[in-house]
Structures are given as structure tokens and as C-alpha cells.
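Structure assessment
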Amino acid sequence: DAGITQSPRHKVTETGTPVTLRCHQTENHRYMYWYRQDPGHGLRLIHYSYGVKDTDKGEVSDGYSVSRSKTEDFLLTLESATSSQTSVYFCAISGGTSGVGETQYFGPGTRLLVL
Amino acid sequence: GQSLEQPSEVTAVEGAIVQINCTYQTSGFYGLSWYQQHDGGAPTFLSYNALDGLEETGRFSSFLSRSDSYGYLLLQELQMKDSASYFCAVSLDSNYQLIWGAGTKLIIKP
């Protein structure tokens, strides 16, 4: 299994508070992604990174920001959490040194509840 | 807009064969992937097709027709552990962005 962890694994927070989720990889993969998963929607891309300090928006980026200061860490921040951001958040990585990027490896997920 | 269509639920019998279809309409296309997700778990990669045709990996096979914007996942000799949700996903560009279908829940009966 790819070495990818997420923290925290579970979080309950209140509307209006900032929240930061962390994704850490030990695989030296170039690409990192943040998804949210909601019933009936599959996985939706929030933001992704194609290198240190190189990030771009996905299809549901409003209300979220990201940062990647090191290859191994990709942070997702909810600036001011809303109840609509209650979801399961998955981090994924792809694109190892072999250059093959089509396989994404997922972290265990973070369950976020915004009250 | 981008869209992938797959059935929401499929039921099959243990030991049988089942096919899960996926049709897509996307602005770009590099390839079609399939992932498996058990309840409460993370998605795991099953297969990837960039070219037309059938790819076989053990009991699982995946097919792609680029001209029809269509693919399917074929699962043979179904086992109870295959009960899961299956997602198709399209790679849009060289940064390997994926657009995902809503998933197909596979229910296997003894």
C-alpha cells in the first residue's frame, strides 16, 4: 500500500470556524489531490497539486484553499466552515518517479461534521 | 459540462458474471479508470484503459471504446467480498485530473 496518511481522521467543528486537514505521503509522488465524497455524487475534486507550491482548482473549490510547501505534505483549509462542507474528505497521490500518473492512491479519509 | 453515467445499483449472484457500464461526456480524455470502494473504506485502483479494447487482470476485465465514449468493468466468478461500490473515472489532462461517476453499488446474493 502507498504510504499516505490523513489527519485528523474524524473532526466535529462549528459553523464559522477554520479547519485544516493534513495529507502526508512517503512515496515522493508528484501529484496530490483533495476530494470530497458525498452520497450520490461520487468523488469531486476540490484542489490538486502538481508540485511544491504548484496548485490548481478542481470542480468544487469554493470555500477551500490548499498549500503545499513540501513534496510530502498537502494541506486543505476550510476558511470558515459551513454545514454544506460536512463530508468525507479523501487525499490521493499519483505520478511516481516512473512517471506513470494514471493510478491514484487514496488515504483513509477524514470524516468532517460541521454543526 | 462533464458527466459520467453508470447504474446506481447492480445485483448479481455469487459465482456469476456481472458487467458495469460507464458512458462519459467530457471536455478531454486521456483514459478511463475503475476503482473499487468498500463501505467505510477508501477507493482502490482496479484498472486503466487508454486505448480501445479489453484489459484483463485476473477475475476483472475492463473495456473501452473511445468512439462510443463507453466502457465497462466485467467481474467474473463473483465472490461475496466483491460486494462494494465501483466507480469509473475519466482522466482529463496531463495532470491526471479525474472526473468521477457517481458509483455503482454491487450487491451479491448467495
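See above for the structure.
Residues numbered from 1 in each chain as written. Chains lettered and ligands numbered in written order. Predicted model: local features only at pLDDT ≥ 70, side-chain atom pairs only at ≥ 80, totals over all residues. Heavy atoms only, no water.

This part covers the overall build of chain B. Helix and strand counts for chain B stand at zero helices and eleven strands. Starting at the N terminus and walking to the C terminus, you meet the elements of chain B as β-β-β-β-β-β-β-β-β-β-β. A compact globule built from 110 residues should have a C-alpha radius of gyration of about 13 Å, and chain B, at 13 Å, falls within 12% of that. Principal-axis analysis of the C-alpha atoms gives chain B an extent of 40 × 30 × 20 Å. Split into buried and exposed, the 110 residues of chain B put 50% on the buried side. Residue pairs in contact within chain B that sit at least 24 positions apart in sequence constitute 57% of those at least 6 positions apart. (Helix = DSSP H or I, 4+ residues; strand = E, 2+ residues; numbered from the N terminus. Rg over C-alpha atoms; globule rule 2.2 N^0.38 Å. Buried < 20%, exposed > 50% of the residue type's maximum accessible area, 1.4 Å probe, protein only. Contact = heavy atoms within 4.5 Å.)

We now examine the interface of chain A and chain B. Taken together, the contacts link 24 residues of chain A with 19 residues of chain B. Here chain A meets chain B over a buried area of about 1,700 Å², counting both sides, of which 56% is carbon and sulfur. Three residues, Leu43, Glu102 and Phe106 of chain A, lead the burial of chain A against chain B; their summed loss comes to 29% of the area buried on that side. Put simply, chain A and chain B have zero salt bridges between them. For the side of chain A that touches chain B, the secondary structure elements donating two or more residues are strand S4 (31–38), strand S5 (42–51) and strand S9 (87–94) of chain A. Broken down by element, the residue count for the side of chain A that touches chain B peaks at five residues, all from S5 of chain A. Partitioning the side of chain A that touches chain B into residue classes produces ten nonpolar, ten polar and four charged. (Buried area = accessible area lost by both parts, 1.4 Å probe. Salt bridge = Lys/Arg side-chain N within 4 Å of Asp/Glu carboxyl O. Nonpolar A, V, L, I, M, F, W, Y, C, P; charged D, E, K, R; others polar.)

Attention shifts here to empty space enclosed by the protein. Residue and element names in this part refer to chain B. Within the structure shown, the criterion is met by one cavity of 30 Å³ or more. Of the voids in this model, the largest cavity is the one considered here, and its volume is about 30 Å³. As for the largest cavity, its lining consists of Leu46, Ser47, Glu55, Thr57, Phe60, Ser61 and Ser62. Secondary structure elements with two or more residues in the lining of the largest cavity: strand S5 (44–49), strand S6 (53–57) and strand S7 (60–65). Here the lining of the largest cavity gets three residues from one element, more than from any other, and that element is S7. (1 Å grid on protein atoms, 1.4 Å probe; cavity = no way out; pocket = protein on both sides within 12 Å on 5 of 7 lines; lining within 4 Å. Points joined across faces, edges and corners; volume = space filled by probe spheres on them.)

On their own, these measurements won't tell you what the molecule is for.
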